[in-house]
Amino acid sequence: MKVLVAIKRVIDAYVKVRVKSDGSGVETQNVKMSMNPFCEIAVEEAVRMKEAGIASEVVVVSCGQQNSQETIRTALAMGADRGILVQSDAELQPLAIAKLLKGVVEKEQPELVLMGKQAVDNDFNQTGQMLSALLDWSQATFASKIEKSDGKLTVTREIDGGLETIEVALPAVVTADLRLNEPRYASLPNIMKAKKKPIDTMSAEDLGVDPSPRLSVVKVSEPPARQGGAKVGSVAELVEKLKNEAKVI
Amino acid sequence: MALDEDTLEQLLDTVRRFVRERLVPNEERVAEEDAIPAELVQEMAELGLFGLSVPQEYEGLGLTMSEEVKVAFELGRTSPAFRSLLGTNNGIGSQGIVLDGTEEQKHKYLPKLARGEIIGSFALTEPDSGSDASSLRTTARRDGDHYVLNGTKRFITNAPEAGLFTVMARTDTAQKGARGISAFLVEAGTPGLRLGKPDRKMGQRGAHTCDVIFEDCRVPAEQLLGGIEGQGFKTAMKVLDRGRLHISAVCVGVAERLIEDALSYAIERKQFGQPIAEFQLIQAMLADSRTEAYAARSMVLDAARRRDAGETVTTEASCCKLFASEMVGRVADRAVQIHGGAGYIADYGVERFYRDVRLFRLYEGTSQIQQLVIARNMIREHSQ
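Since this is a predicted model, take the numbers as computed values, not measurements. (Residues numbered from 1 in each chain as written. Chains lettered and ligands numbered in written order. Predicted model: local features only at pLDDT ≥ 70, side-chain atom pairs only at ≥ 80, totals over all residues. Heavy atoms only, no water.)

In this numbering, the UniProt entry assigns the feature "domain: Acyl-CoA oxidase/dehydrogenase middle" (unreviewed entry) to residues 121–217 of chain B. Taken as a whole, residues 121–217 of chain B contains 0% helix and 47% strand, while its terminal C-alpha atoms sit 17 Å from one another. (UniProt positions renumbered as here; feature names shortened; annotations may be inferred. Helix = DSSP H or I, 4+ residues; strand = E, 2+ residues; numbered from the N terminus.)

Right under this line is the structure:
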């Protein structure tokens, strides 16, 4: 089974994100970038499938600027076989990315597309769902366990208040949740070897997709600063405040 | 071959992340148990950290000196005990073989050292010969196709874990100095090789040293490093430059970590109604520490670049070792001072680092030996 993993380059999860002073977005200049953590989980799952003999080839694809290539290299260092960069300097929104990925899927003909459930930058949580709709493939989102048996997948999904296990027919789009696995550290020798693995580059035009944005960002602002707490003198005062101020009881 | 910028950055990023996510959270446990958990050793090996300086044809990374010190900056940002375990495989435990080993010796040991399957240990120091290393007394007497080793080695880093010892012994007892010394590759478990009790040290718990005792220990003649007698001491001296730069880089890493910890504490801790970081006397300690760490970092990078360019950097490596090890001592002392009473309490960890870094001024040549090396080279260069 050939597996395509879609990955996204985002601001590193450890960086303190700053909103631009004009409120048009967040500062990305000179900010450390990394692979979206959920994408990393998707790559890890694909590599494990390959190690278990379930996947025959793992191809990673990223849509974005030239420097997304670094993120593809990370995936190659983790164990993916080759990479595809769909290069675009335009701002890419979920629907555009889903269309681009559809183009890549038609070229590559994978049986399974794995991706993160959402990216930690804008938390859309749409691209996987849109891709499955565009392809008319089965979808399984928020996967915490994936098992393959002939022609289908059994996927455990993390849903509100519990777990749901579903069966989906292949081909399918599956999005990874946090507990699917713990991604490995790419070993230093593999980081060096990843340089020799091939990365193909293509453009939105090559795939016949118009990636222009459909949504416009009105304003980006920081969450309000946390207010300081207060000490209460007695249980009676606490109950009074919970009732009348916080209005939770 | 030097790595391109992206690959190096990715490599450093991975080490940084591994240190932050896997090693830093285990510092206290390692000190408490006086051991690095086996699963962490395994992870360090899988990451490739034991083969930084082993050439690629022997399954290592073959990093240049500039690249290696950048990795060491990152490894310095956690307890030195972790670095100590992989230090010998990257330094004195493997470099003798890399530089002067026979092709058979390289093939036999370097891949295993690079993969971390065996720990290499370097046995030079003796009870009566430390800084005066060339006066060592351990003997190796030729007996047919074997050598018979006798003597005691002291404070041998990683000896309790070691699978392979590079042992300096006198093959020519008529030669009192360096020329009578040869290096042997002795595998752990060789009959006649015995380990003493692990030493009880001031710090760096989790890293171990002990005596290594040879009593009529018979070693096959092909285990003579490089196959030539009388070369051992030269080999030892050749590997020192690299080791000294590596240690200097670790000192920089530890200093930067301590500065970060001290700064966070100073910003959080309030006295007289404001963060102590607002007080100028605290600021002076922070600023001096930052300045000195930056100086040491710049020195290490410069010396490493020169070495990669083919210059002899014996003097510069000693300058780095002298300055960086003394610097981290001062930085650790100030970090304790900034922490105040908390700096003396084990829960904060800063007192542990204070004890850990004391070793840097002692091993791989004391500060006084570095001063002698630097001054002697200066005088020699002047008279040339």
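Of the residues lining the interface, 15 residues belong to chain A; the matching set on chain B comes to 21 residues. Surface buried jointly by chain A and chain B totals about 1,600 Å² across both partners, of which 61% is contributed by carbon and sulfur atoms. Contact with chain B buries surface across chain A, with Tyr185, Leu188 and Met192 of chain A losing the most and accounting together for 46% of the total. A salt bridge links Lys195 of chain A to Asp4 of chain B, with the shortest nitrogen-to-oxygen separation between them at 3.3 Å. On the surface where chain A and chain B come into contact, there are seven residue pairs in polar contact (both at pLDDT 80 or more). Listing elements by their share of the side of chain A that touches chain B, those giving two or more residues are helix H2 (68–78) and helix H5 (188–194) of chain A. A class-by-class count of the residues in the side of chain A that touches chain B yields eight nonpolar, two polar and five charged. (Contact = heavy atoms within 4.5 Å. Buried area = accessible area lost by both parts, 1.4 Å probe. Salt bridge = Lys/Arg side-chain N within 4 Å of Asp/Glu carboxyl O. Polar contact = N/O pair within 3.5 Å; in protein donor to acceptor, adjacent residues only side chain to side chain. Nonpolar A, V, L, I, M, F, W, Y, C, P; charged D, E, K, R; others polar.)

Let's shift gears to the confidence of the model for chain A. Mean pLDDT for chain A: 94, with 100% of residues reaching 70 or above. Mean pLDDT across the secondary structure elements of chain A bottoms out at helix H6 (residues 235–244) of chain A, with 91, and peaks at strand E1 (residues 2–7) of chain A, with 98. (pLDDT = per-residue confidence, 0-100.)

Moving on, we get to helix H7 (residues 103–115) of chain B. Residue and element names in this part refer to chain B. Taking 1.5 Å per residue, 13 residues should reach 18 Å; H7 reaches 18 Å between its end C-alpha atoms and fits that length. At Tyr109, H7 shows its maximal kink, close to 30°; a proline, Pro111, follows between one and four residues later. For H7, every residue scored as buried is listed here: Gln105, Lys106, Tyr109, Leu110, Pro111, Leu113 and Ala114. Contacts from the buried residues of H7 go to helix H5 (80–90), helix H6 (95–100), strand E1 (120–123), strand E4 (164–170) and strand E5 (181–187). At the C-terminal side of H7, Gly116 shows a positive phi close to 75°. (Expected span 1.5 Å × (residues − 1). Bend = angle between axes of the 7 residues up to and from the residue. Buried < 20%, exposed > 50% of the residue type's maximum accessible area, 1.4 Å probe, protein only.)

When the UniProt feature table is mapped onto this chain numbering, "domain: Electron transfer flavoprotein alpha/beta-subunit N-terminal" (unreviewed entry) sits at residues 23–211 of chain A. Taken end to end, residues 23–211 of chain A comprises 30% helix and 32% strand; its first and last C-alpha atoms sit 24 Å apart.

Here we take up the environment of Arg48 of chain A. Residue and element names in this part refer to chain A. Of note, Arg48 is situated in helix H1 (residues 37–51). Overall, Arg48 belongs to the partly exposed group, its relative accessible area being 36%. It is 9.6 Å that separates the C-alpha atoms of Arg48 and Asn181, two residues lying 133 residues apart in sequence. Ignoring sequence-local partners within four residues, the contact set of Arg48 consists of Asn181, Glu182 and Arg184.

So, about the domain arrangement of chain B. Accessible area lost upon the coming together of the parts serves often as the stated size of an interface. All names here are of chain B. As assigned here, chain B comprises domain 1 (5–115), domain 2 (120–230) and domain 3 (234–383). Here the C-alpha centre of domain 3 lies 21 Å away from the C-alpha centre of domain 1. Counting residues at the interface gives 25 residues for domain 1, matched by 28 residues for domain 3. With both sides pooled, the region where domain 1 packs onto domain 3 buries about 2,500 Å², and carbon together with sulfur makes up 60% of that total. When the buried surface of domain 1 facing domain 3 is broken down by residue, Met65, Phe73 and Arg77 rank first, second and third, together holding 29% of it. Counting every contact that joins domain 1 to domain 3 gives six salt bridges. Put simply, Arg242 and Glu68 hold a salt bridge, and the shortest N to O gap is 2.5 Å. At the junction of domain 1 with domain 3, the criterion picks out 14 residue pairs in polar contact (both at pLDDT 80 or more). Of all the secondary structure elements, the ones that give two or more residues to the side of domain 1 that touches domain 3 are helix H2 (27–33), helix H4 (65–75), H5 and H6. Here the element with the most residues in the side of domain 1 that touches domain 3 is H4; it accounts for seven residues. (Domains from an automatic or database assignment.)

Attention shifts here to the sheet that holds strand E8 (residues 152–159) of chain A. All names here are of chain A. Ordered by their spatial adjacency, nine strands build an open sheet running E9-E8-E7-E10-E6-E1-E4-E5-E11, and the pairing between neighbours is mixed. Since the sheet does not close on itself, it has two edges, and those belong to strand E9 (162–169) and strand E11 (199–203), each with one partner. Sheet twist, expressed as the mean angle between neighbouring strand axes with direction ignored, is 35°. Alignment of E1 against strand E6 (residues 112–116), held across four bridges, turns out to be parallel. Along E6, the bridge assignment pairs Ala6 with Met115. With respect to the sheet, H1 is in contact with E1, strand E4 (57–64), E6, strand E7 (138–149) and strand E10 (172–176), its orientation differing from that of E6 by roughly 145°. (Pairing = 2+ DSSP bridges. Axes fitted to C-alpha atoms, helices over the stretch in contact; angles between N-to-C directions.)

You can see Ser53 of chain B is positioned in the loop between helix H3 (38–47) and H4. Leaving out residues up to four positions away in the same chain, Ser53 of chain B has contacts with Glu68, Asn89, Asn90, Gly91, Ser94, Gln95 and Arg242 of chain B.

Next up on the list: the pattern of salt bridges. All names here are of chain B. If you walk through the whole model with that rule in mind, you get 49 salt bridges over all chains. Measuring nitrogen to oxygen at the nearest pair gives 2.5 Å for the salt bridge that ties Arg77 to Glu260. Residue Arg77 is located in the loop between H4 and H5, and its partner Glu260 is located in helix H8 (residues 232–268); the two are separated by 183 residues in the primary sequence. The partly exposed category is assigned to Glu260, whose relative accessible area is 43%. Here Glu326 ties to Arg361 by a salt bridge, and the two come within 3.2 Å at their closest N and O atoms. Taken together, the residues span a long stretch of sequence, with Glu326 in helix H10 (residues 314–339) and Arg361 in the loop between helix H11 (350–356) and helix H12 (367–383) at a distance of 35 residues.

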